[in-house]
Amino acid sequence: MAGHSKWNNIKHKKGKEDAKKAKIFAKMSRYITVAARTGGLDPEFNPELKVAIDKAKSENMPNDNIERALKKAAGDQDAADFEEILYEGYGPSGVAVMVTALTDNRNRTAPDVRHAFDKHGGNLGTSGCVSFMFDRLGTIIVEKSDQVDEDELSLLAIDLGAEDIELLDEVYEITTSPESFLAVKNGLEENGFQVAMGEIGYMPQNYIDLDDDDDKKKMSKLIDMLEDHDDVQEVFHNWNMPEDWE
């Protein structure tokens with residue numbers, strides 16, 4: 001189940017990042033600032049900014065930090081120096097990896113990303129080498145509970161514009177186009193459904209298993225090293241990470 005692995009990856013990543021709040025806040029501030037400068041300061045009309053602010057709040061980022069990031073977008077011309085770059089490559093045993101970064105110096109970021117791949121049994125590829133294996137989609141997670149009526153959730157999500165909804169072991173995963181993401185997420189919340197996670201990102205079309213424990217360790221370390229980089233915002237991959245993998 002692709003969605004099941006996606007949700008496990010998110011929980012796995014969040015658990016590791018809880019000890020890195022300062023770095024997370026810095027990344028979130030940059031994300032908010034760049035999203036606001038490129039799409040406008042109103043999150044109701046800027047899906048990327050809405051996602052950025054929601055992510056920041058889910059990490060318990062103080063409102064003052066969020067406001068400072070927005071003010072920087074409105075008045076600090078230095079923020080325009082940041083650009084979004086998408087890196088593509090392969091991890092151990094051919095795992096496809098997509099890395100999104102916000103950087104003010106691509107000559108610094110690219111070698112660092114390449115080094116992470118090289119160090120952990122992978123290689124940085126050229127543009128387009130793995131992106132055809134992913135779809136750009138919105139993903140909304142609603143956790144399964146006695147208070148959530150599956151039929152009601154499914155009908156509402158589809159009516160709001162969702163493309164699909166899948167019941168997994170512990171959650172409902174709702175997929176949308178990037179354009180309808182905000183309408184679906186807002187509509188669910190307005191109707192009383194609690195969204196555990198919402199993002200616009202790259203969803204693998206298929207996941208692959210790693211049978212060798214050494215490859216699993218290398219892949220896990222590759223993800224950690226990339227995510228720990230100041231310029232890296234998100235890492236997407238098609239490794240079917242085991243539920244109990246640390």
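Here the structure is a predicted model, which is why all the values come from computation and not from measurement. (Residues numbered from 1 in each chain as written. Predicted model: local features only at pLDDT ≥ 70, side-chain atom pairs only at ≥ 80, totals over all residues. Heavy atoms only, no water.)

Colleague: What is the right way to read unusual backbone geometry from this model?
Modeller: Glycine aside, residues mostly have negative phi angles, and peptide bonds mostly take the trans form. Even without glycine at this site, Asn 60 takes up a positive phi of about 60°. For Asn 60, the position within the fold is in the loop between α3 (47-58) and α4 (63-75). A positive phi is found at Ser 93, a non-glycine position, where the angle reads about 55°. Tracing the sequence through the fold places Ser 93 in the loop between β1 (83-90) and β2 (96-103). Accessibility expressed as a relative area gives 54% for Ser 93, which makes it exposed. (Helix = DSSP H or I, 4+ residues; strand = E, 2+ residues; numbered from the N terminus. Buried < 20%, exposed > 50% of the residue type's maximum accessible area, 1.4 Å probe, protein only.)

Colleague: Can you walk me through the packing of α3 against α4 in this structure?
Modeller: Helix packing geometry: the angle between the two helix axes and the distance between the axes. Where α3 meets α4, the closest approach of the two axes is 10 Å, and the angle between their N-to-C directions is 155°. Between α3 and α4, the angle falls in the class roughly antiparallel. Between α3 and α4 lies a crossing of right-handed hand. Residues Leu 49, Ile 53, Ala 56 and Lys 57 of α3 pack against Asn 63, Ile 66 and Leu 70 of α4. A per-class count over the contact of α3 with α4 returns five nonpolar, one polar and one charged. (Axes fitted to C-alpha atoms, helices over the stretch in contact; angles between N-to-C directions. Parallel < 35°, antiparallel > 145°, perpendicular 65-115°, else oblique. Left-handed = near helix turned anticlockwise from the far one by under 90°. Contact = heavy atoms within 4.5 Å. Nonpolar A, V, L, I, M, F, W, Y, C, P; charged D, E, K, R; others polar.)

Colleague: Where do I start with the packing of aromatic side chains in this structure?
Modeller: Here the distance between the centres and the angle between the planes together describe a pair of aromatic rings. Throughout the structure, instances matching the rule amount to one aromatic pair. Ring centres of Tyr 202 and Phe 236 lie 5.7 Å apart, and the angle between their planes is 70°; this geometry places the pair in the edge-to-face category. Separated by 34 residues along the polypeptide, Tyr 202 in strand β7 (residues 197-204) and Phe 236 in strand β8 (residues 232-237) bring together distant segments of the chain. Stacked on the ring of Tyr 202, the Lys or Arg Arg 136 has its end atom at 4.9 Å from the ring centre. (Phe/Tyr/Trp six-rings, centres within 6.5 Å; stacked < 30°, edge-to-face > 60°. Lys NZ or Arg CZ within 6 Å of the ring centre and 35° of its normal.)

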